[in-house]
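What follows is the residue order along each chain.
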Amino acid sequence: MSRVETLIGDMTLAEKLGQLTMTASSYAVTGPVIAGDSTESIRDGTLGNLLNMVGADHVFEMQRLAVEGSRLGIPLLIGLDIIHGHRTLFPVPLAEAALFDPEAWTLTAREAAAEGAADGLAMTFAPMLDVSRDPRWGRGVESFGEDPWLGVRMAEAKIRGFQGADLAAAGSLAACAKHFCAYGPVTAGREYAAVDVSERSLQEVHLPPFAAAIAAGVATVMPSFTDLAGVPMTANIPLLRGWLRAEHGFDGVIVSDYNAIAELINHGVAADLVEAATLALKAGVDIDMMSDAYRRGLPPALERGLVTMSEIDAAVRRVLTLKEQLGLFEDPYRRGAKAESPVAVANRRQIARSVGARAIVMLKNENNALPLSRPVRQLAVIGPLADACAEMGGAWGAAQKAEDHVTVVAGFRAALPKVEILHSAGVAIQSKDTKGIQRALDVCTQADEILLCVGEGAYMSGEAASRAQLGLPGEQRAFAEAVFDHAKALGKRVIVVLFSGRPLVVPWLFEKADAVLAAWFLGSEAGNALADVVTGRVSPSGRTPITWPRAVGQIPIFFGQRPSGRPFNPQDHFTSKYLDVSNEPLFHFGHGLTYGRFALSNLRVTPERVTESDTIEVRVAVTNEGARAAEETVFLFTHDKVASVTRPLLELKGFGKIALGPGETGTVTLRLRATDLRFPGLDLQPVFEPGEVEILAGPCADRARLLVQSVRLFA
Ligand code: BGC
């Protein structure tokens, strides 16, 4: 008999439920703290999994209690939210998405896994694969943005990175595809609120990244906190047992979200923990994170015949199998056995710097305000985010040390040693106090150039960080307006560095600034990465992975909308529009300026007659007509003009990049499998329908800027 089956045969009910329980832990001066429990449970085998323990020594201490101190010696599974890095923080996921570079996405996940594993950890609760089309929702910062195809690429890349080729390797972590599914469209963008989306949008938008995660071999899946059309995801039998396990063959571990099983009571589908535990187990949730519902609720449920021992065993089997796949039985101390070399750590910082620079999206650059080219003796680096190391990390970073992060001020002092960097915060991120504004204006008076660092604080996006007003918090608008007016009077330019975990709706700022860089949250190397771009050492190449609204009332706004029967026509009142704001976003998906100036031409698509087994080749000539070397991103979209169900106005199907010197021309070649032109038909099954399909290529999702050629599909 296999190890797993032998163990299951030997285990008491209490030990089985221990394997199905995950509890938060930490280390205080007095020793380990196990939330609502104690290390005694690890020793008696009734607690089999932990989250949040940081530090190899602490992890090993816990592991020893389980392996050497418990009757069966089953190792613990210890996980942490390693979302965009562990100790070294990379840009937040939304910022990383702006790279449109799957290899870079894999690399940062690989590095994060190595660093987390060096701390003894074996699991991360990432990647988050929720399509985010509503910037009010704070968790968009953890996502890849608005597009499901991009989500598919991100899922593949991240899982490859976290898990590596061998889950048992010392540098690999079990990944977790979360939050399954359709967490993004919470009602009115309000965190944890209910979701009600159509079966079609599940199939077309929300499920594909999860399907890709399963195909990529993701080890675990986490259901979302939310209720989906009346059925909370933690108890959602059709999606968990049906779609995930039966249809897509996922046989890994399903781990609940934090306290989500107990919250089935608040959702109103369970009267108590017994019912809640029953619902979750029946739906296929294996590990109960933080509810203690399985340990408390399943024994009475078993007695009353609500669940069976074989259902419990099936969950235990999956947990033990994962521990086996992670190599934990073989050597529970493999991860964390060796401290990382200083070279590996330094190299990781370099990666964070270069990925950081590439994640920056230059949204505006009037009259070539950037890169700084005039001689500068004094540079004002002002604003509440200019010298704020604690804000640079972004939404997640349990193991971060804020003082390790490079602030904007520090980055510029290092990059421009001969320039005097003048700093004044002006205002705090959120307070009402405006007394510091005058001091900051005085600094501007002295300086040759002004860099204004404003935006949200790191924790204003992420979990439980929905916002209904998407402007600058606190008194930052008053401050920024004062800086703009003052600079105008002095004849100076203002370059804005905008920090945020979402597109902020600040059209006034875009109008007045000479240049705007979306800095999102760039992680440990933020200041260096920004200095690289502002000084021109690196030419910006990031592209926004989410449509940038001009008004909160436009939300949700995304390029993949379906056509209207009355498309907007300025000559006709009765067409799809607002009376008070344009339909157009402020910046389209994919927008992002460079230090070059690119022209796209000569779109060639072959073959023109396509059958399902073909691969379509799309070529586009790109010329850098600007005066500086830069990298252009070309996006490939399709539009199926007539089909049995309405198709989105644009569907993303590819992207490619090309670096060109001034005056150079090159070709970007993109390949599209005809099978990728299938879509869920009337019965929601994939169909490949004959007819005309437009193939579009261009620099962003602005239809007016896309080159188009049609192909014909044949059955
Ligand atoms: C979040 C998850 C996270 C978990 C563990 C929850 O509140 O929704 O994304 O993985 O906590 O920290």
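To keep things clear, this report deals only with the structure shown in the data block. Owing to the predicted nature of the structure, the values given are computational and were not obtained by experimental measurement. (Residues numbered from 1 in each chain as written. Predicted model: local features only at pLDDT ≥ 70, side-chain atom pairs only at ≥ 80, totals over all residues. Heavy atoms only, no water.)

**A few points about the overall build of the protein**
What counts, and what does not: The way it works is that DSSP assigns letters per residue, a run of H or I at least four long becomes a helix, a run of E at least two long becomes a strand, and they are numbered from the N terminus. A contact between two residues is defined here by any heavy atoms of the two lying within 4.5 Å. Working definition of accessibility: Shrake-Rupley area with a 1.4 Å probe, residue cover restricted to the visible protein chains. Only four residue types enter the tally: Lys and Arg on the positive side, Asp and Glu on the negative side, with His and both chain ends excluded. For the purpose of locating charges, the reference atoms are NZ of Lys, CZ of Arg, CG of Asp and CD of Glu.
Broken down by element type, the protein carries 21 helices and 27 strands. For the C-alpha atoms alone, the extent of the protein along its principal axes is close to 80 × 65 × 45 Å. Sequence separation of at least 24 residues holds for 77% of the intrachain contacts in the protein that already meet a minimum separation of 6. In the structure as shown, the protein presents an accessible area of about 26100 Å², 51% of it carried by carbon and sulfur atoms. Placing the 69 positive and 82 negative side-chain charges of the protein at their respective mean positions leaves the two points 4 Å apart.

**Side note on the sheet that holds strand β20 (residues 615-624)**
Put simply, the test is: The pairing criterion is simple: DSSP has to find at least two bridges between the two strands. Think of each axis as a best-fit line through the C-alpha atoms, taken over the contacting stretch in the case of a helix, with angles from 0 to 180 degrees between the N-to-C directions.
If you walk across this open sheet you meet the 3 strands as β18-β20-β23, and the pairing is antiparallel. The sheet is open, and its two borders are formed by β18 (598-606) and β23 (665-673), each paired with just one other strand. In this sheet, adjacent strand axes meet at a mean angle of 20 degrees when their direction is disregarded. Across 7 bridges, β18 lies against β20 in antiparallel orientation. Residue pairing in the sheet places Ala599 in a bridge with Thr623 of β20.

**Description of the sheet that holds strand β15 (residues 449-455)**
Reading across from one edge, β12-β17-β16-β15-β13-β14 is the order of the 6 strands in this open sheet, with mixed pairing throughout. On the outer flanks of this sheet lie β12 (361-365) and β14 (420-424), each paired with one strand and no other. Each strand of the sheet is rotated relative to its neighbour by a mean of 20 degrees, with strand direction disregarded. With 4 bridges joining them, strand β16 (residues 494-499) and strand β17 (residues 515-518) adopt parallel strand pairing. Of the residues in β17, the one forming a bridge with Leu498 is Ala518. Strand contacts of helix α17 (residues 408-415): β13 (378-382), β14, β15 and β16, with the helix running at about 170 degrees to β14, the strand carrying the most contacts.

**Observations regarding the pattern of salt bridges**
Filter applied, for reference: Any Lys or Arg side-chain nitrogen located within 4 Å of an Asp or Glu carboxyl oxygen qualifies as a salt bridge. Working definition: with a 1.4 Å probe on protein chains only, accessible area under 20% of the residue-type maximum means buried, over 50% means exposed, and in between means partly exposed.
Considering all chains together, one arrives at 46 salt bridges under this definition. The closest approach of N and O atoms between Glu631 and Lys657, which form a salt bridge, is 3.6 Å. A residue pair is termed long-range when its members are at least 10 positions apart, and Glu631 in strand β21 (residues 630-640) and Lys657 in strand β22 (residues 651-660) qualify at 26 residues. For Lys657, a relative accessible area of 25% puts it in the partly exposed group. For the salt bridge of Arg703 with Glu694, the shortest nitrogen-to-oxygen distance reads 3.1 Å. Looking at Arg703, the relative accessible area reads 39%, which means it is partly exposed.

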